[in-house]
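Structural overview
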Amino acid sequence: MLKQFSNGNAIVRFIACDKPIVPADDDTPLTWAMVMVEKDGKFLLHHNYNRMQWEFGGGGIEAGETVEQAAIREVLEETSQHVIDLQCQGLFKLYLRDTDRYEYGALYTGTIEALRPFQHNNESDRITLWQPDEPLDDPVSGLVEWTIDYLRKY
């Protein structure tokens, strides 16, 4: 196990890859995508007011959608930003305690050209461009912290 979170969820595996393809010997589904967006050396976060934490844009893959399309759509829905230069960095295999199941999520990186006006939505009440040493009013998601640390090392 790579990381156990306080809510019981865990990152059990991370597969670095440039295409979001689940290993052939693993029947765990790929259900979501997340994008670590950078602008001017800072990370784009949205405040998820349902979970009371700061997160990267991301979420579920809808029927008929590619993983890349889901990643772009989720960032737009949650942050009002248009991500460009999308690149797959790998796959998280997560254990979700509440549902007692495993699933994969794709990790992408990308950028934005300019910060666009933010639109409040059903998950996010604000956005910020953030550096990890800057204080925020609510915690940063453990998955965001782990991702930043991991990608800085590799």
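Below is a summary of the structure that appears in this document.

1. As for the nonpolar core
Of all hydrophobic cores here, the largest spans 22 residues; its most connected members are Ile11, Met34, Leu45, Phe56, Phe92, Leu143 and Ile148. Ranked by the residues each element gives to this core, the list is headed by helix 2 (residues 142-153), at six residues. Apart from residues lying up to four places away in sequence, methionine 34 is in contact with Phe56, Gly57, Gly58, Phe92, Ala106, Leu107, Tyr108, Leu143 and Thr147. Core analysis: the next-biggest nonpolar cluster, separate from the first, contains 17 residues, Val22, Ala33, Val67 and Tyr104 among them.

2. What about the packing of aromatic side chains?
Taken as a whole and judged by the stated rule, the model has eight aromatic pairs. A centroid spacing of 5.8 Å and a plane angle of 15° characterise the contact between tryptophan 32 and phenylalanine 92, whose relative ring orientation is stacked. With tryptophan 32 in strand 3 (residues 30-39) and phenylalanine 92 in strand 7 (residues 84-96), this pair connects stretches of sequence that are 60 residues apart. Put simply, the rings of Phe14, Trp32, Phe92, Trp146 and Tyr150 touch in pairs and so form one group of aromatic residues.

3. Structural notes on helix 1 (residues 67-79)
Each full turn of the α-helix corresponds to 3.6 residues, which orients residues three or four apart in the same direction. Counted at 1.5 Å a residue, the expected span for helix 1 with its 13 residues is 18 Å, and the 18 Å between its end C-alpha atoms agrees. Of the surrounding elements, those touching the buried residues of helix 1 are strand 3, strand 4 (42-48), strand 6 (57-60), strand 7, strand 8 (101-111) and strand 9 (124-130). Serine 80 occupies a position one or two residues after helix 1 and carries a positive phi of about 65°.

Calculation notes
- Residues numbered from 1 in each chain as written.
- Predicted model: local features only at pLDDT ≥ 70, side-chain atom pairs only at ≥ 80, totals over all residues.
- Heavy atoms only, no water.
- Core = buried A, V, L, I, M, F, W, Y, C linked by side-chain atoms within 4.5 Å.
- Buried < 20%, exposed > 50% of the residue type's maximum accessible area, 1.4 Å probe, protein only.
- Helix = DSSP H or I, 4+ residues; strand = E, 2+ residues; numbered from the N terminus.
- Contact = heavy atoms within 4.5 Å.
- Phe/Tyr/Trp six-rings, centres within 6.5 Å; stacked < 30°, edge-to-face > 60°.
- Expected span 1.5 Å × (residues − 1).

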